[in-house]
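If you want the building blocks of each chain, they are given just below.
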Amino acid sequence: MEKFTFILALIGSLGTAYSVIMTFYWHRVSIDCRVIEYCPTKDALIAYISFINLSRLPISITDICVWNDCALYSCVHTPEIVKTVNRALNNKQTYQQPIYSLPLPINIPSLSGTSGYLYFLFPQENFEVDAKSLTVELSTNRHLTLRKTLSLEKSLHIVQ
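Here the structure is a predicted model, which is why all the values come from computation and not from measurement. (Residues numbered from 1 in each chain as written. Predicted model: local features only at pLDDT ≥ 70, side-chain atom pairs only at ≥ 80, totals over all residues. Heavy atoms only, no water.)

Caption draft 1: Main features of the environment of leucine 54. In this fold, leucine 54 is placed in the loop between strand S2 (44–53) and strand S3 (59–68). Non-local contacts of leucine 54, meaning those with residues more than four positions away in its chain, are made with Ser30, Asp32 and Leu111. (Helix = DSSP H or I, 4+ residues; strand = E, 2+ residues; numbered from the N terminus. Contact = heavy atoms within 4.5 Å.)

Written out as structure tokens, the structure is:
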């Protein structure tokens, strides 16, 4: 009878350890980011970025910063017009819609994603974009700052 009790206790302990480890694994902060397109100018950067929450808990991105020339620059938190969509029929403009940047914070449900334009302002002529990567820092509501180096090689570079 003691061996049977020991085996049940061991199975219960292993089940508890497994539950604790898997809960930690599922609730960890895990965000995937990709730059879809970007447009650097003399004093700004407009980037269309996709965010995917790989965690089982919702997360809010409270700030997004980009590293430039060893300095950290935060994106503009309020929506700004970053692009305008124009449609014409027979050389006559029939439709015009402004596209705005994402307002912060960005709330992402569990196992979900969102995307949008981000607008970064820099001191005049101080921005240099590396041809292959862009380093960003994401601040979250879970008191965590994630630094990611995003590849720009497969991104679509838009020149306005």
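Caption draft 2: Summary view of the packing of aromatic side chains. Scanning all chains against the criterion turns up two aromatic pairs. Judged by centre distance (4.8 Å) and plane angle (70°), the rings of tyrosine 48 and tyrosine 117 are edge-to-face. Placement of tyrosine 48 in strand S2 and of tyrosine 117 in strand S8 (residues 113–121) is noted, with a sequence separation of 69 residues between them. Between tyrosine 73 and phenylalanine 122 the ring centres are 5.0 Å apart and the planes differ by 90°, which places this aromatic pair in the edge-to-face class. Here tyrosine 73, found in strand S4 (residues 71–74), pairs with phenylalanine 122, found in the loop between S8 and strand S9 (133–140); they are 49 residues apart in sequence, far enough to count as distant. Note on accessibility: tyrosine 73 and phenylalanine 122 belong to one class, buried. (Phe/Tyr/Trp six-rings, centres within 6.5 Å; stacked < 30°, edge-to-face > 60°. Buried < 20%, exposed > 50% of the residue type's maximum accessible area, 1.4 Å probe, protein only.)

Caption draft 3: Just the nonpolar core, in detail. Judged by nonpolar contacts, the single largest core of 27 residues is most densely connected at Phe51, Ile61, Ile64, Ile106, Leu118 and Phe120. Within the residue set of this core, elements represented by two or more residues are strand S1 (31–40), S2, S3, strand S7 (106–108), S8, S9 and strand S10 (145–151). Cys39, Ala44, Val76 and Tyr117 belong to the second-largest nonpolar core, a separate cluster that totals seven residues. (Core = buried A, V, L, I, M, F, W, Y, C linked by side-chain atoms within 4.5 Å.)

Caption draft 4: Spatial organisation of the pairing of S2. In terms of burial, S2 is largely enclosed, as eight of its 10 residues are buried. In this sheet, S2 lies alongside S1 in antiparallel orientation, the contact comprising nine bridges. Across the sheet, isoleucine 31 pairs through a bridge with asparagine 53, a residue of S2. With nine bridges connecting them, S2 and S8 associate as antiparallel partners. Bridge assignment links alanine 44 to a residue of S8, and that residue is leucine 121. (Pairing = 2+ DSSP bridges.)

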